[in-house]
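Observations on the model geometry
Chain by chain, the residues:
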Protein chains: 2
Amino acid sequence: MPEFMDVHRGMIGITAEGLAAAHNADLAIQGDEGVVFKQAWADPDSGFVYCLSEASSADAVQRIHERAGHPADEIHPVPLKV
Amino acid sequence: MPEFMDVHRGMIGITAEGLAAAHNADLAIQGDEGVVFKQAWADPDSGFVYCLSEASSADAVQRIHERAGHPADEIHPVPLKV
């Protein structure tokens, strides 16, 4: 399945607990769209959050993020990986 | 060691071979700065490349990327991960 990297901006001050809660909110409903969120990384100082997922499309990723309350600012397929 | 996510823009048309060559150029000299590049993802259509690394600082990551010929456009520490 294609992989996607999405970016959320403005999450300044996010905590480990906040990141886990947001990630768990995605995991709880990801199956509805056939999405698999694999990993997320966050920088509380700059407010950037990066999420790596497998999905059929960027739209499927966004639908889950929107329903979980944190739409992504950018989503890019990442067909190449090393 | 802290982890960092860096972003390169404008790599439109990058190929699997090009990504591997760029990554290998980093790996060949990363030890000079104590950096460990762990993974890189690329989107040839939008030209975004994301690199995950472990390093003592963002500057150390950038010094390797610059010497390898592909300075990053952004580098953010990602102290939180799920």
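Let me begin by describing the structure that accompanies this report.

As a further point, take the pairing of strand 1 (residues 3-8) of chain A. All names here are of chain A. Within strand 1, six of the six residues are buried, leaving the element largely enclosed by the surrounding structure. Of the two faces of strand 1, the one carrying Glu3, Met5 and Val7 and the one carrying Phe4, Asp6 and His8 are both buried. When strand 1 meets strand 3 (residues 48-54), the two strands line up antiparallel, connected through six bridges. Bridging across to strand 3, Asp6 finds its partner in Cys51. Sheet analysis places strand 1 next to strand 4 (residues 74-77), joined by four bridges and oriented antiparallel. Residue pairing in the sheet places Val7 in a bridge with Glu74 of strand 4.

Our next topic: the sheet that holds strand 5 (residues 80-81) of chain B. Strands sit in the order 4(A)-1(A)-3(A)-2(A)-5(B) across an open sheet of five strands; the sheet is antiparallel. With one partner strand each, in any of the chains shown, strand 4 of chain A together with strand 5 of chain B form the two edges of the open sheet. On top of the sheet, helix 1 (residues 16-29) of chain A reaches strand 2 (36-43) and strand 3 of chain A together with strand 5 of chain B; it is set at about 160° to strand 2 of chain A, its chief contact. Here helix 2 (residues 58-67) of chain A sits on the sheet in contact with strand 1, strand 2, strand 3 and strand 4 of chain A, set at roughly 45° to strand 1 of chain A.

A few words on the environment of Ala58 of chain B. Residues and elements named next belong to chain B. Among the structural elements, Ala58 can be located in helix 2 (residues 58-67). Along the backbone, Ala58 and Pro77 are 19 residues apart, and their C-alpha atoms lie at a distance of 7.1 Å. With residues near it in sequence (within four places) discarded, Ala58 still touches Phe4 and Ile75.

Below, the discussion takes up the interface of chain A and chain B. Taken residue by residue, the interface counts 27 residues in chain A and 27 residues in chain B. Of the roughly 2300 Å² buried between chain A and chain B, counting both surfaces, carbon and sulfur atoms make up 71%. If you sort the residues of chain A by the area they bury against chain B, Trp41, Leu80 and Val82 of chain A come out on top, with a joint share of 33%. The interface formed by chain A and chain B holds zero salt bridges in total. Secondary structure elements with two or more residues in the side of chain A that touches chain B: strand 1, helix 1, strand 2, strand 3, strand 4 and strand 5 (80-81) of chain A. Looking at the side of chain A that touches chain B, the element that brings in the most residues is strand 2 of chain A, giving five residues.

About the cut-offs
- Residues numbered from 1 in each chain as written.
- Chains lettered and ligands numbered in written order.
- Predicted model: local features only at pLDDT ≥ 70, side-chain atom pairs only at ≥ 80, totals over all residues.
- Heavy atoms only, no water.
- Buried < 20%, exposed > 50% of the residue type's maximum accessible area, 1.4 Å probe, protein only.
- Helix = DSSP H or I, 4+ residues; strand = E, 2+ residues; numbered from the N terminus.
- Pairing = 2+ DSSP bridges.
- Contact = heavy atoms within 4.5 Å.
- Axes fitted to C-alpha atoms, helices over the stretch in contact; angles between N-to-C directions.
- Buried area = accessible area lost by both parts, 1.4 Å probe.
- Salt bridge = Lys/Arg side-chain N within 4 Å of Asp/Glu carboxyl O.

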